[in-house]
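Residue-level listing of the chains:
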Amino acid sequence: MPRQPRYKSASGIYHIMLRGIDKQEIFEDTGDNLKMLYILHDCAGMGGVQLLAYCLMGNHIHLLLKVPHETPEALERVMKYIGMRYVVYFNQKNQRLGGLFQGRYKSEPVEDKAYLLRVVRYIHNNPVKAGICQNAGEYAYSSYQDYFDGRSGICPVNTNYVLSLVESPEWFCRYHARPDCSKAFLDYTEYRPPLTDAQIKVAMSNACGCQTVETFQTMPTKEQARTLDALKEQGAKVPQLSRLTGISVGRIYRLLRELNQ
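Residues numbered from 1 in each chain as written. Predicted model: local features only at pLDDT ≥ 70, side-chain atom pairs only at ≥ 80, totals over all residues. Heavy atoms only, no water.

J.: Whenever I open this one, the overall build of the protein confuses me. Can you help?
T.: A count of helices and strands for the protein gives 12 helices and 4 strands. A compact globule built from 261 residues would reach a C-alpha radius of gyration of about 18 Å, and the protein, at 20 Å, matches this within 12%. Residues counted as buried form 49% of the 261 residues belonging to the protein. Across the protein, contacts joining residues at least 24 apart in sequence account for 73% of those joining residues at least 6 apart. If the 32 positive side-chain charges of the protein are averaged to one point and the 26 negative ones to another, these points end up 4 Å apart. (Helix = DSSP H or I, 4+ residues; strand = E, 2+ residues; numbered from the N terminus. Rg over C-alpha atoms; globule rule 2.2 N^0.38 Å. Buried < 20%, exposed > 50% of the residue type's maximum accessible area, 1.4 Å probe, protein only. Contact = heavy atoms within 4.5 Å. Lys, Arg positive; Asp, Glu negative; His and termini not counted. Charge placed at Lys NZ, Arg CZ, Asp CG, Glu CD.)

Given below as structure tokens:
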């Protein structure tokens, strides 16, 4: 079935969302988040594309990109670059094979000022909505600090474009604190904050009755795989599972892959 053409934005601005395949966690630790930020840094300005806002979540990423009218195809090139670079890094690090992202990235045109401001607010407040933090300024992996804390992050964000549309940065900061009940944004509503180590231990005990690493390691392989899969579904990250079970990250990915084949 042929791909549906993407709707072109009259403003050249797009809200982009890229998510992990089958609820796959794509940012499992600080190193993963930093790697994506460096990739965004490397593609800054590629084909004239500008990064207006971003937020890295555990299993998906939000980007707000401005694409030159004369080179609309630059969006595809930038997103292909981001995807390929990160998949190679993630697979090598975790000794895994195959795809990481759920199909093509989603894109939504942003064509007027009011909606643009709401999208920026929505992107920055994603961690608040997910229950990760109390306010957007507490989250380390979004462009909120670039806008309001005078910080220049790893990847260059064009804050001037959006701030030129508002009466003042102070007003825009207050605007971020306003509630927005709209459901008209690209989102991945099934995202849940990761479990803590203590929560994983309780969930593991409930799932298979194991109280110790030694007991878990003596379980049949298929039972281990089913338990790991269930814990991952509840929000556990693979590095956490590796640390708490004594099973390598690469072997966990292999067990999960074999279980779901």
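J.: Where do I start with the environment of P169 in this structure?
T.: Counting through the fold element by element, P169 comes out in helix α7 (residues 169-176). For P169, a relative accessible area of 37% translates into the label partly exposed.

J.: So what exactly am I meant to see when it comes to helix α1 (residues 30-42) here?
T.: Side chains three or four residues apart in an α-helix point the same way, a direct result of the helix having 3.6 residues per turn. Over its 13 residues, α1 extends 18 Å from the first C-alpha to the last, a length consistent with the 18 Å expected when each residue adds 1.5 Å. Elements that come into contact with the buried residues of α1 comprise β2 (50-56), β3 (60-66) and α2 (74-94). Its side-chain oxygen at 3.1 Å from the backbone nitrogen of G31, D29 defines the N-terminal cap of α1. (Expected span 1.5 Å × (residues − 1). Polar contact = N/O pair within 3.5 Å; in protein donor to acceptor, adjacent residues only side chain to side chain.)

J.: Just to check I follow, could you spell out the pairing of β2 for this structure?
T.: Here is the key point about a regular strand: its side chains alternate between the two faces of the sheet. The element β2 is extensively covered by neighbouring structure, given that 6 of its 7 residues are classed as buried. With 6 bridges connecting them, β2 and β3 associate as antiparallel partners. Each bridged residue has a counterpart across the sheet, and for C55 the counterpart in β3 is H62. In this structure, the hairpin formed by β2 and β3 is closed by a connection of 3 residues. (Pairing = 2+ DSSP bridges.)

J.: Would you mind going over the packing of aromatic side chains with me for this structure?
T.: With the rule as written, the count across this model stands at 13 aromatic pairs. Ring centres of Y86 and Y89 lie 5.5 Å apart, and the angle between their planes is 50°; this geometry places the pair in the tilted category. You can see Y86 and its partner Y89 sitting in helix α2, 3 residues apart, about one turn around the helix. Centre to centre, the rings of W171 and Y175 are 5.1 Å apart; their planes meet at 25°, and the pair counts as stacked. With W171 and Y175 both in helix α7 and 4 residues apart, this pair spans about one turn of that helix. (Phe/Tyr/Trp six-rings, centres within 6.5 Å; stacked < 30°, edge-to-face > 60°.)

J.: What is the right way to read the packing of helix α8 (residues 197-208) against helix α10 (residues 221-233) from this model?
T.: When two helices pack together, you describe them by how their axes are tilted relative to each other and by the distance separating the axes. It is at 10 Å that the axes of α8 and α10 come closest, and there the two elements cross at 135°. Considering their axes alone, α8 and α10 lie oblique with respect to each other. When the axes of α8 and α10 are compared, the crossing they make is right-handed. Along its contact with α8, which presents I200, A203, M204, A207 and C208, the element α10 presents E223, T227 and L231. (Axes fitted to C-alpha atoms, helices over the stretch in contact; angles between N-to-C directions. Parallel < 35°, antiparallel > 145°, perpendicular 65-115°, else oblique. Left-handed = near helix turned anticlockwise from the far one by under 90°.)

J.: Whenever I open this one, the sheet that holds β3 confuses me. Can you help?
T.: By definition, the strands of a sheet pair up through backbone hydrogen bonds, in either a parallel or an antiparallel sense. Strand order in the open sheet formed by 4 strands is β2-β3-β1-β4, with antiparallel pairing between adjacent strands. What marks the edges here is a single partner per strand, and that holds for β2 and β4 (106-110). Neighbour-to-neighbour, the strand axes of this sheet turn through a mean angle of 15°, independent of strand direction. Bridge count between strand β1 (residues 13-19) and β4: 5 bridges; the pairing is antiparallel. Within β4, the residue paired with I16 across the bridge is S107. Contacts between α1 and the sheet are confined to β2 and β3, with β2 contributing the most and set at about 170° to the helix.

J.: Whenever I open this one, the pattern of salt bridges confuses me. Can you help?
T.: A side chain of one charge can pair with a side chain of the opposite charge when the charged atoms of the two come close. All chains considered together, the criterion is met by 5 salt bridges. Between E73 and R77 there is a salt bridge, with its nearest N and O atoms 4.0 Å apart. With relative accessibility at 41%, the residue E73 sits in the partly exposed group. When its relative accessible area of 44% is taken as the criterion, R77 is described as partly exposed. Residues joined by salt bridges that share partners form a network here, namely D29, D32 and K93. (Salt bridge = Lys/Arg side-chain N within 4 Å of Asp/Glu carboxyl O.)

J.: Even after reading the chapter, I still don't get the nonpolar core, so can you show me in this structure?
T.: Inside soluble globular proteins, nonpolar side chains tend to come together where they are buried. Counting residues in each nonpolar core, the largest one holds 79 residues, and the members touching the most others are L63, L64, M79, I82, Y86 and F172. In terms of residue count, the dominant contributor to this core is α2 (9 residues). Look past the residues within four positions of I82 in its chain and what remains in contact with it is M36, I39, L40, C43 and L63. (Core = buried A, V, L, I, M, F, W, Y, C linked by side-chain atoms within 4.5 Å.)

These figures come from the coordinates and say nothing about function on their own.
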